[in-house]
Amino acid sequence: MIEARGLTKRYGEKVAVEDLSFTVRPGVVTGFLGPNGAGKSTTMRMILGLDRPTGGTALIDGRPYRELAAPMRHVGALLEARAIHTGRSAANHLLALAQTHGVARRRIDEVIELVGLRDVAHKRAGGFSLGMGQRLGIASALLGDPSTLILDEPVNGLDPEGIRWIRDLLRGFAAQDRAVLVSSHLMSEMALTATELIVIGRGRLIQETSVADFVRAASGNRVHVRSPHAAALAEILVREGATVTATPDPATTRLPADPPGHQPAHQPAHRSGPTPDQVSAAIGTAETIEVAGLASARIGELARAGGIALHELTPRLVSLEDAFMNITRDAVEFTNAAPAGIGANR
Amino acid sequence: MSTQFTDPRDGRTITAPANGRDVADPANATGSANGTGTNGTGTASATGAVNAAGPAGDVVFLGLVRSEWTKFRSLRSTWWTLALTVAAMIGLAVLLCAMAADDGTTLDPEYADFDATAPSLGGALLAQITIGVLGVLMITGEYTTGMIRATLTLVPRRLPVLWAKAVVFAGVAFALTLVTGLLSFTVGQAILAGDDLSVSIGSPGAARAILGCAFFLTAVGLLGLAIGALLRSTAGAVSALLAVLLGLPMVVGLLPASMQSINRYLPASIGEVLISTQGSGNSFSPGTAAVMMTVYLVVTLVAAAIVLARRDV
Ligand SMILES: Nc1ncnc2c1ncn2[C@@H]1O[C@H](COP(=O)(O)OP(=O)(O)OP(=O)(O)O)[C@@H](O)[C@H]1O
Ligand SMILES: [Mg+2]
């Protein structure tokens, strides 16, 4: 369990984290998202007492990290930068960590086994590949069988088997009613692993929500509707304030991450658009339409009231990646230039 | 629906579910990866929980000393620098004593006040560098590799780590330099005996000089540890330590004669007092020298502790 209250960190002029408050609860995997430089790693270092906050506090199981008698029992951490002496073997590294808390040697063998490093346990960590180093870091985090895991980009450098292993590990860990805070830039992976989200940008909290709500909010109540009388339905829906567009081929159409014209996906419908007649004319004989601004339940009721049969009524959700990009667009510090020639084809 | 592959290396079967959510049991995933995983089920084995109480106890100082000893002994650089320290002390003892034996005999008047202990402990001049570097590496090695983050995450109070390092280092360095000092003395006196220049360990000041040598070298190493904690970089800390030990006497040597009295306060001069059997008129007594060295050491260690406690890692 982690409680951050008003965490702030300044490095000279640079404000890395500002007035950040959130709670990481046991029993769920909480994803920690934010563009590069958003302050995720800084926040984690502050929670672990490595960086002293300029303001605010972070509590672990109700107490400041520095006051824990046995930190290893409360938190297992994997930091962004490697924290392993290159000249030491994996086994000796873990032994040195274990001895600080009087952890038995048996447990060391256990975590070595668990992360699959048995064959290289007595080799110098300096010769480890990125993924092997990451596995050793995870072994270190698990050593004390902690009640909270804090992992900064744990899948960084892992092979597909390792990525899946981490996913299962974190979900299993949460299922045992322990807390997990994990940062990653791999949104597809995050969507599979986390159920709660903390999204920050430029050091500030953007959203603290569940993955489902986050995606739903970013999807802007878009509903995919198929009906033999789509044009007539569109007329009714537009009168109710919805925005309706024809979707030519439902099988292959995907909701774009960035709708043409750069309007946010959740922009509310407005009356100054085309009239219901114009919309129904535009739709013509198309059978599928996309409706924004009305919940699917309301659409269904309106269709029934209008005596219109529905063949399909599906709320459309954007991917976590698209949702993330939409919501953090304004908080991105380091944007890429579009590669030459690609944007021109649009 | 899932796809099966056979790993060409050992013929084990990997099952890849077609759907990302349809995942294999984590314990089995790891178990098959290395062949001997426990076939436990569910998530308890995913984290390898030993028992409800958990494997970790409270942080106690003895545990930190054990941990620092493990860190210390498990690096090759430790054994190299220790070997170099022994080699420097014994090697220089042989060399200096052989030269002294060549040069003169008891019949020469200038050898009337010949200090037979001095050449046999002369290796301390080189050994102070190797033992100092070892002290520096004990902490800067953690900063340069990032290990310090793991260390301080487990010991967020931080200062006990510094004290544990100091205890381990002092124990090893003092024991090693004391034994090596005795050895150097014995070997050196054996060489000098050929020319009747040798003294026994019972002669005035000999045993004290051997002890003083071990004390001084240990203190230099601890000074390196403290400077390393202050500067966090190996190159910076080694340079600073060498500047204090070897550079300062040179700088003071360039000052006008009226200021030469500063010289006796320098660690290098204090070391000379501690390692020789006879004081010169211009220097402190061995007891005072030991106290002064201790004061320097404590001041530097306290500075290191303050900085370690306050600074971000
Ligand atoms: N020690 C430091 N000194 C000065 N600035 C720092 C320091 N550490 C972090 N910063 C700054 O604080 C900001 C947040 O950095 P941080 O590493 O926490 O971001 P992040 O969210 O982890 O990014 P990424 O996704 O790239 O890992 C950045 O602008 C960074 O430059
Ligand atoms: Mg980061």
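The rules we used
Residues numbered from 1 in each chain as written. Chains lettered and ligands numbered in written order. Predicted model: local features only at pLDDT ≥ 70, side-chain atom pairs only at ≥ 80, totals over all residues. Heavy atoms only, no water. Donors = N, O, S within 2.8 Å, 3.2 Å for Na, K, Ca; no water. Helix = DSSP H or I, 4+ residues; strand = E, 2+ residues; numbered from the N terminus. Buried < 20%, exposed > 50% of the residue type's maximum accessible area, 1.4 Å probe, protein only. Near = heavy atom within 4 Å. Polar contact = N/O pair within 3.5 Å; in protein donor to acceptor, adjacent residues only side chain to side chain. Nonpolar A, V, L, I, M, F, W, Y, C, P; charged D, E, K, R; others polar. 1 Å grid on protein atoms, 1.4 Å probe; cavity = no way out; pocket = protein on both sides within 12 Å on 5 of 7 lines; lining within 4 Å. Points joined across faces, edges and corners; volume = space filled by probe spheres on them. Salt bridge = Lys/Arg side-chain N within 4 Å of Asp/Glu carboxyl O. Expected span 1.5 Å × (residues − 1).

### With respect to the coordination of the magnesium ion (ligand 2)
Residue and element names in this part refer to chain A.
Part 1 of the argument: The magnesium ion (ligand 2) binds to the protein through Ser41 (OG) and Glu80 (OE), with metal-donor distances spanning 2.0 to 2.5 Å. You can see Ser41 sitting in helix H1 (residues 40–47) and its partner Glu80 sitting in the loop between strand S6 (75–78) and helix H3 (90–100), a full 39 residues away along the chain.
Part 2 of the argument: Exposure remark for Ser41: the relative accessible area of 13% places this residue in the buried category.

### Looking at the site of ligand 1
All names here are of chain A.
Part 1 of the argument: Of all residues adjacent to ligand 1, which total 15 residues, the nearest are Lys40, Ser41, Thr42, Glu80 and His185.
Part 2 of the argument: Contacts to ligand 1 include Lys14, whose side-chain N or O atom sits 3.3 Å from an oxygen atom.
Part 3 of the argument: Within the backbone of Gly39, a nitrogen or oxygen atom sits 2.8 Å from an oxygen atom of ligand 1.
Part 4 of the argument: Contributions of two or more residues to the shell around ligand 1 are made by strand S2 (14–24) and H1.
Part 5 of the argument: The dominant element in the shell around ligand 1, judged by the number of residues it contributes, is H1, at 4 residues.
Part 6 of the argument: A per-class count over the shell around ligand 1 returns 4 nonpolar, 6 polar and 5 charged.

### Remarks on empty space enclosed by the protein
Empty space left among the atoms is revealed by rolling a probe the size of a water molecule over them.
Residues and elements named next belong to chain B.
Part 1 of the argument: Considering all chains together, one arrives at 3 cavities of 30 Å³ or more under this definition.
Part 2 of the argument: Looking at the largest cavity, it is lined by 14 residues, and the ones nearest its centre are Lys71, Phe72, Leu75, Leu137 and Met138.
Part 3 of the argument: The set of elements that each furnish at least two residues to the lining of the largest cavity consists of helix H2 (61–73), helix H3 (76–103) and helix H5 (124–145).
Part 4 of the argument: Per element, the largest residue contribution to the lining of the largest cavity is 5 residues, and it comes from H5.
Part 5 of the argument: Taken together, the residues of the lining of the largest cavity sort by class into 5 nonpolar, 4 polar and 5 charged.

### Topic: the pattern of salt bridges
Part 1 of the argument: A complete count under the given rule lists 20 salt bridges over all chains for this structure.
Part 2 of the argument: One salt bridge in this structure joins Arg178 of chain A and Asp145 of chain A, with 2.9 Å as the shortest N-O distance. Here the residue Arg178 of chain A occupies a position in the loop between helix H6 (160–175) and strand S8 (179–183), and Asp145 of chain A occupies one in the loop between helix H5 (130–142) and strand S7 (148–152), the gap between them amounting to 33 residues.
Part 3 of the argument: Taking the shortest distance from any N to any O, the salt bridge between Glu189 of chain A and Arg167 of chain A comes out at 2.9 Å. Here Arg167 of chain A lies in helix H6 and Glu189 of chain A lies in helix H7 (residues 187–193), a separation of 22 residues in the sequence.
Part 4 of the argument: Classification of Glu189 of chain A as buried rests on a relative accessible area of 10%.
Part 5 of the argument: Three or more residues are tied together by salt bridges with common partners; here these are Glu68, Lys71, Glu142 and Lys165 of chain B.

### Structural notes on H6 of chain A
Residues and elements named next belong to chain A.
Part 1 of the argument: The end-to-end C-alpha distance of H6, which contains 16 residues, comes to 22 Å, matching closely the 22 Å that a straight helix rising 1.5 Å per residue would cover.
Part 2 of the argument: Turning to H6, its buried residues are Gly162, Ile163, Trp165, Ile166, Arg167, Asp168, Leu169, Leu170, Gly172, Phe173 and Ala174.
Part 3 of the argument: In the stretch just after H6, Asp177 is the one whose phi turns positive, near 65 degrees.

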